[in-house]
Each structure stands twice: as structure tokens, then as C-alpha cells.
Amino acid sequence: MFPHRFIKPSRKAGLPPGSLVHIGEKPGEPVSITVMDYDAGDSFRELCLLDPDTISQYRDSQSTTWININGIHDTDVIRMIGSLFSIHPLTLEDLMNTTQRPKLEEFPSYLFIVLRMLSRQDGEIRSEQVSLILTENCVISLQERAGDVFDPIRTRIRNKGRIRSYGSDFLCYSLIDTIVDAYFGILESLGDDIETLETTLLTDPNPETVQTIRSFKRDLIMLRKAIWPLREVLSAIERTETPLISAKTGIYFRDIYDHTIQVIDAIESLRDITAGMLDLYLSTISFKMNEVMKVLTIIATIFIPLTFIAGVYGMNFAYMPELEWTLAYPAVLALMLGISLLMLAYFRKKRWI
Amino acid sequence: MFPHRFIKPSRKAGLPPGSLVHIGEKPGEPVSITVMDYDAGDSFRELCLLDPDTISQYRDSQSTTWININGIHDTDVIRMIGSLFSIHPLTLEDLMNTTQRPKLEEFPSYLFIVLRMLSRQDGEIRSEQVSLILTENCVISLQERAGDVFDPIRTRIRNKGRIRSYGSDFLCYSLIDTIVDAYFGILESLGDDIETLETTLLTDPNPETVQTIRSFKRDLIMLRKAIWPLREVLSAIERTETPLISAKTGIYFRDIYDHTIQVIDAIESLRDITAGMLDLYLSTISFKMNEVMKVLTIIATIFIPLTFIAGVYGMNFAYMPELEWTLAYPAVLALMLGISLLMLAYFRKKRWI
Amino acid sequence: MFPHRFIKPSRKAGLPPGSLVHIGEKPGEPVSITVMDYDAGDSFRELCLLDPDTISQYRDSQSTTWININGIHDTDVIRMIGSLFSIHPLTLEDLMNTTQRPKLEEFPSYLFIVLRMLSRQDGEIRSEQVSLILTENCVISLQERAGDVFDPIRTRIRNKGRIRSYGSDFLCYSLIDTIVDAYFGILESLGDDIETLETTLLTDPNPETVQTIRSFKRDLIMLRKAIWPLREVLSAIERTETPLISAKTGIYFRDIYDHTIQVIDAIESLRDITAGMLDLYLSTISFKMNEVMKVLTIIATIFIPLTFIAGVYGMNFAYMPELEWTLAYPAVLALMLGISLLMLAYFRKKRWI
Amino acid sequence: MFPHRFIKPSRKAGLPPGSLVHIGEKPGEPVSITVMDYDAGDSFRELCLLDPDTISQYRDSQSTTWININGIHDTDVIRMIGSLFSIHPLTLEDLMNTTQRPKLEEFPSYLFIVLRMLSRQDGEIRSEQVSLILTENCVISLQERAGDVFDPIRTRIRNKGRIRSYGSDFLCYSLIDTIVDAYFGILESLGDDIETLETTLLTDPNPETVQTIRSFKRDLIMLRKAIWPLREVLSAIERTETPLISAKTGIYFRDIYDHTIQVIDAIESLRDITAGMLDLYLSTISFKMNEVMKVLTIIATIFIPLTFIAGVYGMNFAYMPELEWTLAYPAVLALMLGISLLMLAYFRKKRWI
Amino acid sequence: MFPHRFIKPSRKAGLPPGSLVHIGEKPGEPVSITVMDYDAGDSFRELCLLDPDTISQYRDSQSTTWININGIHDTDVIRMIGSLFSIHPLTLEDLMNTTQRPKLEEFPSYLFIVLRMLSRQDGEIRSEQVSLILTENCVISLQERAGDVFDPIRTRIRNKGRIRSYGSDFLCYSLIDTIVDAYFGILESLGDDIETLETTLLTDPNPETVQTIRSFKRDLIMLRKAIWPLREVLSAIERTETPLISAKTGIYFRDIYDHTIQVIDAIESLRDITAGMLDLYLSTISFKMNEVMKVLTIIATIFIPLTFIAGVYGMNFAYMPELEWTLAYPAVLALMLGISLLMLAYFRKKRWI
């Protein structure tokens, strides 16, 4: 993916702030909303929401509710969520704009967190924007399309895992944690491919290799852009004094912060490694060129003088006394042999062969 | 545009501070002033001002007034504005000097904001300085020449958009927001061109390509210089305690701040990408040179020894027994063929062919 | 070691936080626990623990206890330690995950320190994670496998060294100090190898040299990643207000901090040196290529014209008057000699020979 | 100018602090002192001082006095100024040492400011140290030699400009402002020369061009060294709480600060541009080399096989049946033509011609 | 000197903290101690100490005492000093370890300052560690071996210079000042050598030049490492609130701070310059190679076709009508001349000759 693809809200230029305009690829499917509502006890409901208006009942209950929305291109749904949870117009605008960098915004009644869910398939990194809205009892997660990394969390909630006894802040933590954990897998696969490339570079360098190097570099620029700001987001969550996140859950956020640092570290290391690859390519090319030149030089340098001698005795002058001598031919051949051997000795001394 | 073109106040060296000297290109047209005056209700006037002195009536009214001045090269107009709104002499000097970097200056009765309005046509980036003066009820915007990106705002005011119910701070925000939104379009088009260039680099590298790379690099240096300081300006607006900007509008400025960060991010990514392009060019050239050398070497290395053999049997020695043998000629041809095949096998082993 | 090997918790993605999953190489041997318990007086016990449950008696005694655990892949042992010393689940999770970067975490009843024990054998750097848990009377150290750098400390404890009169904080300091001291040895040996490589570069540059340069660079990236965060850890220890570290011991931690800075300095210097090595390689290759080209040029440039002259007089035209002249042959030979000498003079003037 | 020329106080090593030793080039002329004394009214005196002792009368008067000293190599003059204005021995030492970097030092009774006055002639940048001492009523300016950029200020004072109604702090500001304004002119001329060089690079690259690039780089390093610290000086003046600078004048210093940032920005841009120039040179050289190689390869590759064929039929074997065929000669010529065409087609396919 | 030589305490790994082990080169001579004891009046004693125990009398007197110790490899002397002045064990350990970076440590009764005394002989920079211990009345200076830069200070003390009227803090300042002043001389000589090298690079580039560049780079890395931390030391001294340094002397330390910044500036400039030198070398090599290639190409391209023509008319076909024409030979010669001239014209057009 070419990095500037990351920003494209130009079609919105000139609209008033808070305008609900979807920016991003429009998936084929319609918007789908799923709700999981649970408490530490046995109360548990999971449903695929048909009528968005029923959300209000979960908003007001004491149990923890996770509302997951696949698809953010439907202005009506976004507006409905906005009015149900009293979301600021600028937040609603951001929800529909898939070109955000990770950020945290604190509002009196909710936290708004944007981050990027990444995956890598067939050597290409796909980036999807995930927005989280954390209120006292609810987490609303918004994805660009169906398909995510949250299934283990769904399983844990269904199986009455420890997560059931914590509140919405812990659910929010769990979602972020799962997204960050997925980064490790991407770096692992990218790192393996880079390692393979390095071997190729030394054995069979060619211009396609250069393009591969550049695409890895672009991937790393893109990862960096997607993950680096998350560091600040998490450290802001740690420092925040909002009552929406309990002290007990704060420690867990510190844990994700550590993971993010590890991911950034790994990205930087891979950047350092790919940085040197074009030089490696050039040095291999140079070395190979040198080898080629040496062979050319050796062959040419040996035969050019010999050919000259043969040329001299191919001249048609009437008076060339040597031509008549009986031993002249073997003597010239011996001379040629001698010259060749001398040259070879010189090359050996110069360490060219 | 060559970057040092950005600073050229040298003709002013030695003048006392506050001297009103226009620095920049002088447009052909005279200065024109337009005024829009509105409030949340039905009061709305839009006029093209002929007599500058009538401005005072808008200055004193309770409604919000936007005074837009196209052309800053007329000392009289600037001086008149200065005395009407009690502007500091140094501010007036800055208004007429088109080589400012974006900055915010707070004065007791007004905020002075300088930023750059950018556009890209035929691959060339044009930069125009826009100065904004925000007072309690007025926004004065000064541009170098007619033609700007503010038309959507004018339409929203005329159509009694939400903007009408906010004050001058929101108008000021809207103007900056529109300018920043235009940056996205420029980066988009620049990014597309850089992507195209990269393909050219690999298929048909030539010195003009190098010049294009350099012109992109210069464009990015220029964009960076024009946009980077805006970050500080906006974060200063966020932190400022001036009563000229209400808390409600402050949130909107945070939104532009986010956009600016996105723009800077994109510029940095494009810089990273163009940074590697000259290396890419060199590596493509190197690879092509290598290819050329290999062909030369193969041809020369095969034929030089054969030519030598032909030369030997072209010598005119009286006693060369081989010359008389019946099968000597086919034997020599066979020898030559054998040598060629051996060489080809060697090259294949070396992976040159 | 390829740097991304440093992070590999991807197999854990999706597990709930605090899940005890061993991440890292599993050593062959089972977990072994050794205990040293001592005070300033004559009380001293050293034993290899068979039954983990007996640890509780050391936990409660007033004497200082060092519990060293070789092997962190046994979930039962970790869980038992966790419950005996009331360790937070996230700490337990970190204990079993060998991909941590050095860090310090403060908990009310203990400090949790992670750092990396490094060694270099056969030119390869091995990195092992060491976790330290410092409580009021105990230090628990956890290593990935048997074999460490702590033997001198064991000897000093056995020989009733000064260390016996200090508490657990000093023991903790001593362990960290020993690990940091080992870094110097690694840098020394790495520095020697880099110095050797530089000589090779100038005398016999070849593609393997390039691979060696890259492996050194990777080693340095890895060292940097392992040691750089330690700086923050140690400066955090200095600034901490935990009662677990006495003021008297604080000075000693400042000493390790100084050592760490020295190590980082040395790593940076070696990075600076290896950074230039590929350029050095390329410049040597270039110079050699130049030499080769000069020889080729000289030989070819001298003989190509001579061979042409010989060719001319080898033509079979019926009317070539020179061919009949008596002195033509020696005259042509003299002409050839003259041309050669002229060329040589030209080359000498050009400083090619 | 080679950058290390900037520091040369080594001849002073070992002297006690406060020793008055002139460090720098000694100009031919003797020290000259001029005084301008003025107030907001009609009082104005300008004189060339013969007897230094008369300075004391200006020191004590209420009017503003500007004492300008051309030449700092006369120990007596410096010592006299020192005792008249109670200057600290270390300041006096600095006054005579022309290798200072720009700095601000606050003393209870005066501010000591060092900065560099730059000019560019015949492509060479000359740097002269200017020291300013600001007391309540006086500004003492010390230059290395006669000739400066202050003439416009002198004119404004003589013409009873606005400067006459401000105090010594405004005079001090004016002097610094004039020096900073001169930087723009230097950057302008340097930028023009760099732009010209870039064109030369692409049309006629040769080693002298490389030397020119390096001299520009050195100029920029030197400018940076001379101007960068000024930023801190000016921001320190803004923050200072000394009563020597009034709040009203403080705003003007902020203006110079802005200018300095603009200058530094421009220097950085030019550095970015010159940074890539050697690469541009190398790429042009590479491209030209490639062109040369292609011509060589095409000529050699076509003719070497043809010459071989000619050689074969130049052999003197007794039994070469082709030699007797009537059409052999035209057939061989046709074969040669065919081979040439084939080769040309191959080259065209490879895009070499 | 290879940079990693800077750290070598690996032989100490595992020893308890405070162990007195000498790390560094052992000089041949035994330790010598000299004492200078003076006050502002006439009291002055200078002696070479034979019995270390007599030091205690100077420690307790009111006069200022400078104890200079040449040689730090004698554990007994260090231990004796330690007990006389109540020095912390870690300080004693540092005194004997010559691999420290410059640092300042404050203890209640003394300041401990480490810095590096540098000299340059025969193009090699030698670095010696100097430790200073500043107590209320004493300065103890410890050097690795005899021979230092302090003689001017000794002379000033003997000659009853101003230094006699200040206390031990001023003596300490003077010692540091003298060491820093010596840095200027080293940079001057290094800068001259680098300037010379640059000329060599352009006229006669060869692999030894590359080695010289690298050794300069290493020298600069080493200088940077030795001097950079001094900046922090001096700024810490300025900020410190220890009663050991009087306010009056504080100003003098600010002066050394300025000098250190100048030295660091100069090092950075020289680094910038040497950074580009390898590129300069490569560009010169490239240019020379290009020249060589052009000559080869011109000669080969002209003569290869001519030789082919000669070869054609050297063929032995029975029926080659041209051979019998009377004017064929001069016509062929004319043809050859024509081809040569055409080629030369082409090369001239291409600007190769």
C-alpha cells in the first residue's frame, strides 16, 4: 500500500465540521450490529441486533454491554448511536472517517479511542480502523467491515471467563490487547520474509529484489505510522484521571504499553536491517561486475598481444627474412606461450586469479 | 520553487521596524475588499467595499463580520486597517511581508495568525500567505491576490448554515480548517506523481528522472517548511487563555491540530520514500551497466581467442607443416567450436548467461 | 540472531491476561531451585530445593534469602512462587515470557526487574532473560536455564564477604552489577573481531565480508535493544522512593548506571565504526576495479592500433607499393615501436602507470 | 573558510582567567572610537573620540549614548572601557577573543551580547565578531575592524528618526536587527549560487564541481554555527527579567527571534539541497559512463565476430575448398551483413540503442 | 586508538564493589606525590612527598593544598588517601579504573570529578584520565603517569599570582580550565591534518587515504566520547548547591562551560566534514575511471572497424575483384581515414573528447 493512501479526506474539504461523510472503502455488506450483555453472575445475552433502537435498554442497565458495529458507512446508524450516547459531533465525524491516526480523546461522559487493526495476507498488510467508545457500562466498537480478531474474547465471555467479573474498562482493555497482540504475528511474518530476502540478495540480486526491498520499507513506514501514536494513546490512558478506568485496570493498560514498545522496537530493528539492504544489493552487483571485468581483462590482455604478433607475421612484405627461417614458426609459438605465462604470473601476483 | 525563494526581505535591511514595505510578487489587480456581516438570526449583508472608511461601522456592531482583503501591496489600505483596529506596527509590517512562516501572536485586543494557503497546478506548488486577525466580533483575512479556497464557507454563511450561530472565533476556525483541508488534496496529487515516478525509475531511468526526484524533494522541503510550524501555532491556540476563543470552539481547533499531524505524517512518509529514490536510480543504472558488461565480456571472451587462432594460421612462414595437411582446416574449425562451447559452459556455470 | 526473534509471543494472541504460557526455547533439563540463606553473622545455609513448599520458611525468616530458579517453563513452579509471595498475575505472565525488554515494575510488596544476561560464543551472542523479584528479605532470580555469571557472588556469600552484612537490596544490586559487568567482556570481544574485520576489508574484500559486517550490525542492534532500556530501569531505581531499597544501596545503583552508560557509549561507537564499513568495502572494490580497468586499457590501447597496422600490410591487394620496398618491414616495426612509446608517455602523463 | 579556523585560542592555554590577550587577525589600522549621544529632543552629538577618558561624561549623562569601537586588539582601550563601566574581567577577556559563539551573559549592571556580523564577497563568507554591552543609558559595540552594516541606523539617528525617542535597549535591538537582516542577503546570494551549481552538475560534472559543493557545505556549516546559538540568545532575552530591557522593546526582540528562525530554516533547506548534490554528481557520472560503455559494447560486439570471420578466410591452409568458390566472397560479405543486422536487432530489443 | 579500548574493566567482572583493582596501562615508574601548600600571603611550600602519612598535616591546615599524584596503580597509596580524606569506597574504585567517562559525583565532604587530559603526538591522540577530589581546603589530582599540562598553574602559584588569593575551588577550576584549553590545540592540529587530507583526496586518492579518513573519524568519535559528557559535568557544577564552590568561582566555571561547547561545536563540524570525505574519494575514483573508460572506448571504437576492413582484404578468396584494382589500396586507406574522422566527430559531439 502506498503510504499517502493513508490520508484521503480531500473529498471533504470545505464541508462544515461534524458533517457525517463516510471516507474509506465501502464494503459490500450492510451494517450489522451485535450485542453482548453480561455481568459477573449468570446474566448473559448475545444477540444480533435488528432494531437499533433497542440499544437504549442496554445503555441503561447495570450489566456490562459490548456493542460491536461492523460497517461505518451508514450515516443513520452513526447518528442514532450519537444521539443515544450523547456523542460529540466531531467524534461522530471521526467515526466515519477511516483515515484517522490512533488517538485518545476524553469527553466528560466517554473516552474515544481510535486504533488500527492490522493483518497480513499474501505479503500485503491490510489496515482497518477500529474505534472504541468507552462509557460507564458500555463499550461500543466500530469496525470498517465484518471479520476481526476479537473471537477469543467472545469465547471468554461466553465461557464465563474472568472477564465477566470486571467492568467495561476491562473489556475495552481486552479489545485493545487483542489488537496489539496481532501486531506480533505480522512482525513475525514480515521478519521471516525479510530474512529470506536477505539470502536472495546475496545469491541472485536483480531489480525485482530492489522492488521487494522498497515494498518492505513501505510496509514498515506504514506499520510505524499505525502503531507509533498508539504509544502516546496508552501512556495518556495511564496518566488520565478519568473515573471511567479503575486503578485495577490501569495496571493492565501498562502491560499493553509494554507490548507496544516491544512492537515499536521490533519495527525499528527491521527498519535498520532493511535500510542496509539496498547497499548490500549494490555491493553484490559491484562485486559481480568486478568478477566479470577481471575475466574480460585476463582474456583480452593475454590474447591481444598474441594476436598482434600473429598479425605481424601475416604481413605480406616482400622482404621479411624471418619468414624463411626453418625454426621461425615454432620459435614464435614458443614466444607466444612465454608471453602468456608471464601475464598469468603477473595476474596471480596481483591476486586477480 | 527553489526553497530559498521563501525568504527575501533583504531589500528591507536597515529600515526601521514597523516600516510598511511590501515584500513579495505584486499582482496586477488593485486591492479589493469584501465584507460579510451576519448574526445567528436573519441579519446578513455581503458587499464589495469601495470606501474603506465604512469598515468602522462593522467593527462596532454586535454581529460577526468577515473582512476579506485580496492584495496586500497597498500601504494605504494596510495603514487604514491598522488605525481602525489598533493593530501593532510590527503586525502591520508582517502583513505586508509575504515571507513569514506560520505563527501566532497574541495581542491584548486581537490574535494575529499567519499561515500558508497552498495549491498545486501543472506539478508546481504555489504558496500564498494568508494572515488572519481575530478580534472580538471580526475576522480580517488578508491574501496576496484574488482566488482562494474559502468559497464553501461563503456558501455556508449565505445559506444560513450552522456557522451563522457561532461567533468570530468559529469563523476563524473555519477559515483555517479549509486551508488545512486543501493540504490533503495537494499531498494526494503529489503522492500519485511520486508513485508514477517510481515506476518510471525502474523501467526507463535517465537524468531527467533525477531532476524530477529532486524537484519532488524540494516540494516536500517546501511543504514541510510551510506546514510544520502550523503544528505549534495550533497547539498554542489550544493552550492559550485568551478570551477571544471560547472553550466550545477550542475543541474544533484540536480537530485541525489532528489534521495537521496527519498531513505532517504524510509528508514525512513521502520524504522517506523519495529519499530512497536516487539509490533506486543508481541501482537500476548499475544493474543495466552490469548487463551491458556481461554481453561485451561474453562476445569478446569467445571471439578473441578464436581470432588469435585464425591469426596464427594466417602467418606467412615458409615452414608451417600444418598448412599442408589435408584435414587441418576442418580440424582447426572443430577446435574453434570446441573452445566456444567450453567458454559458454564456463559462463553458464558462473551464471552470466 | 535475527532481531525479530526477540519478540514471539504471537502464539499467545487472544489469551486472557495473566495466562501462564511459557514463551521461549524449552531447555532439556527440569527446573532446579537453589536457596542461599544468610545473615551478617554466622547463619548460613545453602541447599538445592527438592520440595518447593519449604520456601515459605525462608520467606518469613529475618535472614536474607536468595532463591535462584533455573528454568521458567514449569507452570506449577511459577504459580507456587506467585502464591507464596503474592505476586501479581501479570508479573507471573511476564516471568514465563522470555521476550521482555528490560523493565522495572514497582508493586507495593516487591520490585520486579527484568534484564538480559548476555554471552558470546563462537562469534554468536546468546541472550537469556533474567527476572529478579526483590522483596523485603528475599531476592528471587529466575533464569531460562542453568549456567550463569553469578558464581563469584555465590563464593563471596560462602566466604562471608562484605555482602553478608547487607540486606536483600544489596544482593539484588550485586546480581545486576555482575550481569552488567559481563557486557564489557562481550563488547571487548566484539570490538576485537570488528577490528580484525576492518583489516580484512582492505586486503581481501569479498561478499562474505559483507555478510560478516551485517552480522556485526545485527549483533549491535540486538545489544542495543537489550541494554538501552536498562538505562531507564536503573535511573528509575535511583529515583524511586520505595522502602525496599535503602539510601546506602542507592549509591551503588548509581554506579551500575554509570557502567551502563559506558556500555551504551561503546555500542554507539562500534555502530559508528561498522556503519562506515560497507562504504569502505565499496571503495576498496571500486579502487580494485579501477586498477583492473587501467591494465586493460593500457594493453588494449597500445596493441589495437598496432594490430591494425599489421592488418593493413596483411591485405592482399595486387598493387601495394610499400610491400616491395626493402626497408618497409623494419620501418613498420619501428613505427609500431614509436606508437607504443608515445602511448606509454601519454599514460605516464595521465598518471595511469 | 575551514571550520576549525573558528576556534583558535590555543595560544592562550595556561594563562590565568581574565588575561587580556587578543585572539584573531590583527587589522592594519589603529583602534577608532565613535560616539553618538542623543535624546528624544534636539540634543544630538556625534564625534570621533580622540581621548578615551572623555567617555565618562557620556556614561553619566541621561541621554542615550552609542559608543562604537572599531578594533579590539588594543589592550589599553579594553582595560579603560572595563574600568569605566565596571565590566567583569571575564567579559573583557571575551571581548578580545574573536572566536566566541553567540551568547548572552547577564551581569547586574549590564548585558553582554556576542554575535557575528557576516558578509559574502566573491563567493567567500567573512565573519566578524560584534560584542554589545548594554547598560542603562549606553550601548557599547565592539567590532574587529572598521566597516559595518550599521550605517542605516546612524542615518536614522541623525535624521531624528523614531529611534531617538527610545532608550538604549531599542538601540541595542536595532543593531542586532540590522545584523540579522544582513543574513538574509547572504542566504539569498548563496542560494542563487547553489541553484546555478545544480544546473552545472547536470550538464558538465567535473571534480571542480565537487570542490564547489564541498565549499558550499562548509559555508553552511559555518553559517549554522554562527547563527544557531543566536536563537537561544534571543529567546533568553525574551525570557530575561532584567530591568535593562523594557517590556515595550521586548516585543521587538521577539520579531528578531522570528527572523532568526526564518534564517535557520533557510539554512536547513539549503543543507538538505546540497546534501543530495554529491549523489546527483555521482548519478550523472554513472549515467555518462553507462552511455560510453554502451557505445563501446555495440561497436565491439558487432565487429569482433566479423573480424573473426575475416581472419578465418585469411588463413593459409592449402586445402580450404571455400576459397576457390566463385561466390564465396560475396556470400561471406552477406553473412557478415546478416550478423550485424541480427546484433543491431538484439540491441534494439534490449533498448541499448 | 580503537574506540572500544576505552572500556576494559572486564577483568574485574565478579569482584565485589569497592574492590581496588588497577585497570589501565601500568607505567614503568613508581607513584610520586607532590604537594603545593599556599595562602594569599607569603606562606608557600612545595615538596615532593616521600612519606604519604605527612599529608594529614596539610589536610588540617587553613591554607590551600594541592596534592598531585602521578600514578594510580599503587593500591596502598589510594587506600591511604581514602582513609585520610574519608573517601567513599566506590570513589576509590573509580580512581584506579582508567576507563571512566567524565563525571561529577557529589559527596557530603567532597566533590569527585573525572575528566580526560588529551594530547596528540605523531598524529595519534593519547588520552589520560585525571581525577580531581575537591575538599574544603584541598584539591587532590590523580593522573595515570608523570607529565601533564599543569605547569603554567604551578608557575602562577610559585610567582604569587592572583590564584594564591582564591581557595581550593578556584584551584580546581584552574586545573579543569587548563585541561580544556589543551583541547583547542588538539582540534587545531587535527583540523590542519584533515584539511591537508582533503587536498590529497582530490589529487592522489588511494586506499591508504581511506584508512587515514577512518582513523580521523575514529579520533573524532574518541574525542567526542571524552569531551561530550564534560558538558553535563560543568553544567551540573553550575547548578550544584554545594558550599564547596563559592558563587564567585561559579562564574568561572560558566566560562569553561562555554569553551567546552565551542570544542564540541568544532568536533561536530569536523565530523560533518570527514563524513563527506569517503564520498569525495569515491567520486574522484569514479571520475578517474570514467576518464580511463573514455580513452579505451575512443581507441577501441576507432580501430576495431578499421581492423575489420583490413581483415576483409586479407582474406584469401580466389575471386575478390577489388584486389586487382589499381586504386583499391589507396581507396581503402581513404575509406579508413574517413571512418576515423566520422567517429571523432561523433565523440566530439558527445563531448567525450
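So, a few notes on the structure that sits alongside this text. Predicted model, so just to flag it, every value in this text is computed and none were measured.

So, on to the relation of the copies chain A and chain C. Each copy superposes on the other: chain A lies on chain C with an RMSD of 0.1 Å after a rotation of 72° and an axial shift of 0.1 Å. This pairing of chains is accounted for by a five-fold axis. Relative to the rotation axis, the closest C-alpha in chain A is found at Gly314(A), a distance of 4.7 Å. A low fraction, 14%, of the interface residues of chain A reappear at the interface in chain C, so the copies pair through non-equivalent surfaces.

Now for the pattern of salt bridges. Pairs can form between side chains of opposite charge whenever their charged atoms are close. Applying the stated criterion to the full structure yields 97 salt bridges over all chains. Notably, a salt bridge pairs Lys103(A) with Asp94(A), separated by 2.7 Å at the nearest N-O pair. Each member of the pair, Lys103(A) as well as Asp94(A), is classed as buried. The salt bridge involving Glu105(E) is made with Arg254(C); its shortest N-O contact spans 3.7 Å. Taken as a pair, Glu105(E) in strand E4 (residues 103-106) and Arg254(C) in helix H7 (residues 247-275) lie in two separate chains rather than in one. For Glu105(E), a relative accessible area of 6% corresponds to the buried category. Each of the salt bridges in this network shares a partner with another, and the network as a whole consists of Asp94(A), Lys103(A), Glu105(A), Arg254(B) and Asp258(B).

With that settled, consider the environment of Thr155(B). Residues and elements named next belong to chain B. Residue position: Thr155 is located in helix H4 (residues 151-158). Taking relative accessible area as the criterion, Thr155 reaches 35% and is therefore assigned partly exposed. Placed 114 residues apart in sequence, Thr155 and Gly41 show a C-alpha to C-alpha distance of 16 Å.

Moving on: the environment of Met293(A). As for its position among the elements, Met293(A) is in helix H8 (residues 277-312). Each residue touching Met293(A), except ones within four places of it in the same chain, is listed here: Met293(B), Met289(C), Val292(C) and Met293(C).

Next up on the list: the interface of chain A and chain C. Chain A puts 63 residues into the contact, and the matching count from chain C is 66 residues. When chain A packs against chain C, the two sides together hide about 5,700 Å² of surface, and 67% of this comes from carbon and sulfur. Summed over the shared surface of chain A and chain C, the result is six salt bridges. Its salt-bridge partner being Arg214(C), residue Glu198(A) comes within 2.1 Å of it at the nearest N-O pair. At the junction of chain A with chain C, the criterion picks out 13 residue pairs in polar contact (both at pLDDT 80 or more). Of all the secondary structure elements, the ones that give two or more residues to the side of chain A that touches chain C are helix H4 (151-158), helix H5 (168-203), helix H7 (247-275), H8 and helix H9 (328-349) of chain A. Ranked by residue count, the leading element in the side of chain A that touches chain C is H8(A), at 19 residues. Its residues placed into classes, the side of chain A that touches chain C shows 34 nonpolar, 13 polar and 16 charged.

Looking now at a negative patch on the surface. A cluster of like negative charges, contributed by Asp279(A), Asp279(B), Asp279(C), Asp279(D) and Asp279(E), occupies part of the molecular surface. With respect to the helices and strands, Asp279(E) occurs in helix H8 (residues 277-312). Since its relative accessible area comes to 31%, Asp279(E) is described here as partly exposed.

Quick notes on the rules
Residues numbered from 1 in each chain as written. Chains lettered and ligands numbered in written order. Predicted model: local features only at pLDDT ≥ 70, side-chain atom pairs only at ≥ 80, totals over all residues. Heavy atoms only, no water. Least-squares fit on C-alpha atoms with pLDDT ≥ 70 in both. Contact = heavy atoms within 4.5 Å. Salt bridge = Lys/Arg side-chain N within 4 Å of Asp/Glu carboxyl O. Buried < 20%, exposed > 50% of the residue type's maximum accessible area, 1.4 Å probe, protein only. Helix = DSSP H or I, 4+ residues; strand = E, 2+ residues; numbered from the N terminus. Buried area = accessible area lost by both parts, 1.4 Å probe. Polar contact = N/O pair within 3.5 Å; in protein donor to acceptor, adjacent residues only side chain to side chain. Nonpolar A, V, L, I, M, F, W, Y, C, P; charged D, E, K, R; others polar. Patch = residues over 30% accessible without salt bridge, like charges linked within 9 Å, V, L, I, M, F, W, Y side chains within 5 Å. Areas by Shrake-Rupley, 256 points an atom, 1.4 Å probe, with all protein chains shown as cover. Lys, Arg positive; Asp, Glu negative; His and termini not counted. Charge placed at Lys NZ, Arg CZ, Asp CG, Glu CD.

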